[in-house]
Amino acid sequence: MGGGQERPKVLLVDDQAVNLQALHQVFQADCQVFAATSGVQALQLASAHLPDLVLLDVVMPDLDGYQVCAQLKANPLTAHIPVIFVTGNRDEESEAKGLDAGAVDFISKPINARIVRARARTQILLKRQSDLLRQWVYVDGLTGVANRRRFDELSRIEWDRTQRRRAPLSLALVDVDWFKAYNDHLGHQAGDDCLQALGDALASGARRAGDLLARYGGEEFVLLLPDTPLEGAVALSEQLRATVEARALPHPGSPMGRVTISVGVACRDADAPLPSLEALLQAADTRLYAAKREGRNRVAA
Ligand code: GH3
Ligand code: MG
Ligand code: MG
Ligand code: MG
């Protein structure tokens, strides 16, 4: 069904085993299939596996299909996953309600395998195209790391998410030392190449799945580190600083003779509450400035 790509992931949700089985037969040959028999389980599996499509029953004992669909759409992680209702309720009111909840399509039971497969194929294709576009929209053209737009969106999400869970959120601002002089000595093209190399170096530093490295602007990068206390963020930043220094990229305009970075680190947690994401950025920026003042090629927190 996916045509040469990785097999699409489909989540089937129905409280009756016989219905699940019928759907399973439609998809098992072409797709990686996950099955849930309740709304709660459906939400868990959707977050865990991020399927390309959800086929969703309406009438279920705990959460009904409309509630499940609304919750999927309310979660930024799962909001872009298309949902098709598969239901015994054929009336227009049910269909309108399903589409209002954010579903892309509505299929009546008993199902016709070819129709279900064809409609699913269309939605999976659209989903893959929009995934691709979303990816490009979020990538910095020069370095290939996430761009400022991605950082702005994810940092808001992580600010709220970590605050709700009373978990720490750390942020490290990375700035290349004497970079204007680098361009002046070696030219702007060499400067661009250097930023690319730095993007690679920073991205290759040991990082956890939830961490985000983004190009923040010009010759500045930012690391967003959810669930990471200040000490952890400082240790990681120090590791990245050392990695860049060890690459020994020649820098004739720097007293260090090689390309180095300075890093400002800040953290919001129970001990150090901050009023806003802007305040966290400001704190990291102040420390970055201190790292510069204290001689560059260092981490300040
Ligand atoms: P400091 O150690 O204090 O950070 O000195 P600096 O020269 O790096 O700081 P400053 O902010 O004065 O200069 C940053 C320079 O980075 C300005 C510009 O020449 C260069 N720069 C910013 N973005 C790019 C880019 O995309 N490509 C290239 N080649 N250079 C860039
Ligand atoms: Mg049912
Ligand atoms: Mg700068
Ligand atoms: Mg700089």
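These numbers come from a predicted model, not from an experiment.

Cut-offs and rules
- Residues numbered from 1 in each chain as written.
- Chains lettered and ligands numbered in written order.
- Predicted model: local features only at pLDDT ≥ 70, side-chain atom pairs only at ≥ 80, totals over all residues.
- Axes fitted to C-alpha atoms, helices over the stretch in contact; angles between N-to-C directions.
- Helix = DSSP H or I, 4+ residues; strand = E, 2+ residues; numbered from the N terminus.
- Parallel < 35°, antiparallel > 145°, perpendicular 65-115°, else oblique.
- Contact = placed C-beta atoms within 7 Å.
- UniProt positions renumbered as here; feature names shortened; annotations may be inferred.
- Buried ≥ 20, exposed ≤ 12 C-beta atoms within 10 Å, placed from the backbone.
- Pairing = 2+ DSSP bridges.
- Near = placed C-beta within 6 Å.
- Nonpolar A, V, L, I, M, F, W, Y, C, P; charged D, E, K, R; others polar.
- Core = buried A, V, L, I, M, F, W, Y, C linked by C-beta atoms within 7 Å.

1. Re the packing of helix 7 (residues 179-186) against helix 8 (residues 188-204)
In step 1: Between helix 7 and helix 8, whose axes approach to 7 Å, the crossing angle comes to 130°. With respect to each other, helix 7 and helix 8 are oriented oblique. Across the interface between the two elements, Phe179, Tyr182, Asn183 and Leu186 of helix 7 pack against His188, Ala190, Gly191 and Cys194 of helix 8.

2. Some words on the UniProt feature "modified residue: 4-aspartylphosphate" (unreviewed entry) in the chain
In step 1: Those places that UniProt annotates as "modified residue: 4-aspartylphosphate" (unreviewed entry) correspond, in this numbering, to Asp57.
In step 2: Among the secondary structure elements, Asp57 is positioned in the loop between strand 3 (53-56) and helix 3 (65-74).
In step 3: Judged by the 26 C-beta atoms lying within 10 Å of it, Asp57 falls in the buried class.
In step 4: Beyond its immediate chain neighbours, meaning those up to four positions away, Asp57 contacts Val13, Asp14, Asp15, Asn19, Gly65, Val86 and Thr87.

3. A closer look at the sheet that holds strand 8 (residues 220-226)
In step 1: Taken in spatial order, the five strands of this open sheet run 7-8-6-9-10, and their pairing is mixed. Each edge of the open sheet is held by one strand with a lone partner, namely strand 7 (212-217) and strand 10 (299-300).
In step 2: Judged from the eight bridges that link them, strand 6 (residues 169-176) and strand 9 (residues 261-268) form a sheet pairing that is antiparallel. Paired with Leu173 across the two strands is Gly264, which belongs to strand 9.
In step 3: This element, helix 8, spans strand 6, strand 7 and strand 8 of the sheet and lies at about 150° to strand 7.

4. As for the site of ligand 1
In step 1: Ligand 1 sits among 16 residues. The nearest are Asp177, Phe179, Lys180, Gly191 and Gly218.
In step 2: Elements supplying a minimum of two residues to the shell around ligand 1: strand 6, helix 7 and helix 8.
In step 3: By residue class, the composition of the shell around ligand 1 is five nonpolar, four polar and seven charged.

5. Things to note about unusual backbone geometry
In step 1: In this model, Lys109 is joined to Pro110 through a cis peptide bond whose omega is 0°.
In step 2: Of note, the phi angle at Leu50 is positive, near 40°, even though the residue is not glycine.
In step 3: Here Leu50 lies in the loop between helix 2 (39-49) and strand 3.

6. Quick look at the pairing of strand 4 (residues 83-87)
In step 1: Of all the five residues making up strand 4, five are buried; the element is thus mostly covered by neighbouring parts of the structure.
In step 2: Across the two faces of strand 4 the burial is the same, with Val83, Phe85 and Thr87 and Ile84 and Val86 all buried.
In step 3: Both strand 3 and strand 4 contribute to a ladder of three bridges, which runs parallel. The residue bridging Val54 from the neighbouring strand is Val83, located in strand 4.

7. Overview of the nonpolar core
In step 1: Leu171, Ala172, Leu173, Val174, Val222, Val263 and Ala284 are the most contacted members of the largest nonpolar core, which totals 43 residues.
In step 2: The dominant element in this core, judged by the number of residues it contributes, is strand 6, at six residues.
In step 3: In this structure, Leu173 is in contact with Tyr216, Glu220, Val222, Val263, Gly264, Ala284, Asp285 and Leu288, ignoring residues within four places of it in sequence.
In step 4: Val58, Leu72, Ala101 and Ala103 belong to the second largest nonpolar core, which has 30 residues in total.

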